[in-house]
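# Analysis of the macromolecular model
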Amino acid sequence: MDMEFDDDGPPMLVAADQPNDTENLSAEVDDMNLTRVPITIITGYLGAGKTTLMNYILNERHGKKIAVILNEFGDSADIEKSLTVSQEGQQVEEWLELANGCLCCSVKDTGVSAIESLMEKRGAFDYILLETTGLADPGNLAPLFWVDDGLGSTIYLDGIVTLVDAKNIIRCLSEPTPSEAQTDGTEHAHGPHLSTAHLQISHADVIVINKADLVSEAELDQVKARISSINALAKIHVTEHSKVPALEGVLLDLHAYDKVDADSIDFASKGHSHLDPAISTTTLTLPPLSSAQLDKLDTFLRNILWTRFFISHPDAEGVSVESAGSRPEIHRTKGRLVMQEGGVKLLQGVREVFEFIDAADVGASNEKSSSDKGKIVFIGRNLVPAALQKSLEDAVLG
Ligand SMILES: Nc1nc2c(ncn2[C@@H]2O[C@H](COP(=O)(O)OP(=O)(O)OP(=O)(O)O)[C@@H](O)[C@H]2O)c(=O)[nH]1
Ligand SMILES: [Zn+2]
């Protein structure tokens, strides 16, 4: 990727009042370096079963060399963070030295290089699993690993796995948590209540519903319905004591930030219930695009993802985003765009960061989603499907 933002700046890169139209930020993915090590971020609300999951993996004989970063990053009290390397049931504990103790703040320099120098010393890992604190917002962490060209990193983000506690998740989605009083002041001041649990679910590529033993079938169905109404893209697994059915495809080899499979896009666009008032999944469609139209789509995405500036269309079936009260806030974007000259472009985004990738370049199928339509899936807040679709068409096809 060639994300051209200020190297010293925060990952939330472009301020609304500083549009930077001259640079082409929707970058082409660079040559995939085959030796890069995938990192999976494991998130989940307090007590959901993250540590149980990590221990389960560490004790399994999986034949892989997996570095498990157990200590909870984001807890800035410790300067050193422990990292446990597991291979064939053997565990070795190492210490990472982070400049200021917080991975979020130091990942651009010491965090990643500490992991890399450890790999030099111990041989490359096959996989890295990183457990975040229960209150972490993966939307802040993900871009650091995804947009890694500036880091010269040998690590890439494979995906985000969110554990939820089947017994408590519905309550977590309804009740404000203490942390929100401090962190939630400005950004989400309006609109329906947004909890940490919402953020962890909206950014997830895989959701593990744990503690299934504590709920009835009916309660479990309710939990599943609520979760897929928030995030219709994520794959859902149900576990007890975090015993995931497999590692590959559940925690590892997710390729959630490069490949976009047609199946998941089609599934997401099936039209799910809008059970959750705060966050929902919306699918927009586009006919096959010319490359000039792809450029226009790039501009549309920049407008909506970076500045959240949105043109109101009073004539759009009487629905406009302005009339919906708040501007859209998009957490995750995925898409498959059918090109007129043939081939499929994949669209990947997390918060303000997005890119187009040639499907052929990442070994993803060039197959179109059902029908000849390109599809874009947004997960986020204040999404008004009809108004979004109209604005998209005006911007790209008009
Ligand atoms: N009944 C039941 N208990 C579970 C299950 N999975 C984990 N637990 C228990 O739930 C508690 C919390 O599990 P942890 O793995 O520590 O959860 P965590 O997400 O790491 O918690 P924090 O680090 O505090 O955020 C522990 O006492 C676990 O033994 C499950 O499937 N069923
Ligand atoms: Zn834990």
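Fair warning: this is a prediction, and the values are worked out from it, not measured in the lab.

Turning our attention to the site of ligand 1. Near ligand 1 you find 16 residues, and of these Lys50, Thr51, Thr52, Asp213 and His241 are the closest. Residue Gly49 places a main-chain N or O atom 2.9 Å away from an oxygen atom belonging to ligand 1. One of the backbone N or O atoms of His241 is found 2.4 Å from an oxygen atom in ligand 1. The element contributing the most residues to the shell around ligand 1 is helix H1 (residues 50-59), with 3 residues. Of the residues that constitute the shell around ligand 1, the class distribution is 4 nonpolar, 6 polar and 6 charged.

With respect to the helices and strands, Asp298 occurs in helix H9 (residues 291-307). Asp298 gets classed as buried once you look at its relative accessible area, which sits at 6%. Within polar-contact distance, the side chain of Asp298 engages the side chain of Arg302 at 2.8 Å.

The subject of this paragraph is the domain arrangement of the protein. Structurally, the protein comprises domain 1 (37-81 + 88-181 + 191-257) and domain 2 (280-313 + 326-397). Each partner contributes residues to the interface: domain 1 has 21 residues there, and domain 2 has 16 residues. Between domain 1 and domain 2, the buried area comes to about 1,500 Å², and carbon and sulfur atoms account for 59% of it. Contact with domain 2 buries surface across domain 1, with Trp146, Leu233 and Tyr257 losing the most and accounting together for 35% of the total. Here domain 1 is connected to domain 2 by 2 salt bridges. One salt bridge in this structure joins Arg351 and Asp137, with 2.8 Å as the shortest N-O distance.

Looking now at the pattern of salt bridges. Side chains bearing opposite charge may pair, as long as their charged atoms lie close to each other. According to the stated counting rule, one finds 10 salt bridges in the structure shown. Two residues, Asp205 and Arg332, come together in a salt bridge whose shortest N-O distance is 3.2 Å. On the criterion of sequence distance, the pair formed by Asp205 in the loop between helix H6 (196-202) and strand E7 (206-210) and Arg332 in strand E10 (residues 329-338) is long-range, its members being 127 residues apart. Each member of the pair Asp205 and Arg332 is classed as buried. When the shortest N-O distance is used, the salt bridge between Asp394 and Lys390 registers 3.0 Å. Within this pair, Asp394 and its partner Lys390 are both found in helix H10 (residues 385-396), separated by 4 residues, close to a single helical turn.

On to the pairing of strand E9 (residues 280-286), then. For E9, the buried fraction is high: 5 of the 7 residues fall into the buried class. Taken together, the 7 bridges between E9 and strand E13 (residues 374-381) define a ladder with antiparallel strand orientation. In the strand pairing of E13, Thr283 is matched with Val377.

A few words now on the pairing of strand E1 (residues 37-44). Among the 8 residues that make up E1, 8 are buried, leaving the element largely enclosed by the rest of the structure. Side chains of E1 alternate between two faces, with Val37, Ile39, Ile41 and Thr43 and Pro38, Thr40, Ile42 and Gly44 buried alike. With 8 bridges connecting them, E1 and strand E6 (residues 155-165) associate as parallel partners. Among the inter-strand pairings, Thr40 is bridged to a residue of E6, identified as Gly159. Two strands pair when backbone bridges link them, and E1 and strand E5 (residues 127-132) are joined in this way by 4 bridges, in the parallel orientation. Residue Thr40 lies in a different strand from E5, and its bridge partner there is Leu129.

Let us now look at H10. End to end, H10 covers 16 Å across 12 residues, agreeing with the expected 16 Å (1.5 Å per residue, within 8%). Inspection of H10 places Ala387, Leu388, Gln389, Ser391, Leu392 and Val396 among the buried residues, and these make up the whole buried set.

This paragraph deals with the packing of aromatic side chains. Ring pairs (aromatic) are described by centroid distance and by the angle formed between their planes. The tally for this structure, following the rule as stated, stands at 1 aromatic pair. Look at Phe354 and Phe356: their rings are 6.2 Å apart centre to centre, the planes differ by 85 degrees, and that puts the pair in the edge-to-face class. Lying over the aromatic face of Tyr257, Arg332 brings its terminal NZ or CZ to 4.0 Å of the ring centre.

Right, let's get into the sheet that holds strand E11 (residues 344-350). Sheet strands pair via backbone hydrogen bonds, and the direction of the pair is either parallel or antiparallel. One open sheet holds the 5 strands; their spatial order is E9-E13-E10-E11-E12, and the pairing between them is antiparallel. Two strands lie at the open edges of the sheet, namely E9 and strand E12 (353-358), each paired on one side alone. Taking the axes of each pair of neighbouring strands and ignoring which way they run, one obtains an average angle of 15 degrees across the sheet. The sheet contact formed by E10 and E11 spans 7 bridges and is antiparallel. What sits directly across from Arg332, in E11, is Val350. The strands touched by H10 within the sheet are E9 and E13, with E9 carrying the most contacts at an inclination of about 35 degrees.

When H1 is considered as a whole, its buried residues turn out to be Lys50, Leu53, Met54, Ile57 and Leu58. Buried residues of H1 fall within an arc of 135 degrees about the axis and therefore sit on the same side.

With a phi close to 55 degrees, Asp253 is a non-glycine residue in the positive phi region. When you line up the elements, Asp253 lands in the loop between strand E8 (235-238) and helix H8 (262-268). Unlike most non-glycine residues, Asn382 shows phi in positive territory, near 55 degrees. By the secondary structure assignment, Asn382 is in the loop between E13 and H10. By relative accessible area, Asn382 is classed as partly exposed at 23%.

Reading the values: rules and limits
- Once a new chain begins, its residue numbering starts again from 1 and follows that chain's sequence as written.
- To read the labels, note that chains go from A and ligands from 1, taken in the order they are written.
- Local features in this predicted model are restricted to residues of pLDDT 70 or higher, and side-chain atom pairs are both shown and tallied only at a pLDDT of 80 or more, whereas totals for entire chains, interfaces and linings draw on every residue.
- To obtain the side-chain values, all non-hydrogen atoms of the structure were used and water was disregarded.
- We define proximity as follows: a residue is near a molecule or strand when any one of its heavy atoms falls within 4 Å of that partner.
- For this analysis, a polar contact is any N or O atom pair within 3.5 Å, provided that within protein one partner can donate a hydrogen and the other can accept it, and provided that sequence-adjacent residues contribute only side-chain to side-chain pairs.
- To qualify as a helix, a DSSP run of H or I must reach at least 4 residues; to qualify as a strand, a run of E must reach at least 2; elements of each kind are numbered from the N terminus.
- Residues are grouped as follows: Ala, Val, Leu, Ile, Met, Phe, Trp, Tyr, Cys and Pro are nonpolar; Asp, Glu, Lys and Arg are charged; every other residue, Gly included, is polar.
- The classification of residues rests on relative accessible area computed with a 1.4 Å probe and restricted to protein chains. Under 20% of the type maximum is buried, over 50% is exposed, and intermediate values are partly exposed.
- For every domain, the bounds stem from an assignment made automatically or drawn from a database.
- Contact between two residues is taken to exist if any of their heavy atoms lie within 4.5 Å; hydrogens are not considered.
- Once two parts are joined, some of their accessible surface, as seen by a 1.4 Å probe, is lost; buried area is that loss totalled over both.
- Salt-bridge detection follows one rule: a side-chain nitrogen of Lys or Arg within 4 Å of a carboxyl oxygen of Asp or Glu.
- If DSSP finds at least two bridges between two strands, the strands pair.
- Expected span of a helix, by definition, is 1.5 Å for each gap between consecutive residues, and there is one gap fewer than residues.
- Stacked, tilted and edge-to-face are the three classes assigned to paired rings of Phe, Tyr and Trp, where Trp is represented by its six-membered ring and a pair needs centres within 6.5 Å; plane angles under 30 degrees give stacked, over 60 edge-to-face, the rest tilted.
- Only when the NZ atom of a Lys or the CZ atom of an Arg is both within 6 Å of the ring centre and within 35 degrees of the ring normal do we say a charge sits over the ring.
- The axes are straight lines fitted to the C-alpha atoms, using for helices just the contacting stretch, and the angles between their N-to-C directions are given from 0 to 180°.
- The directions considered for the arc are those from the helix axis to the C-beta atoms.

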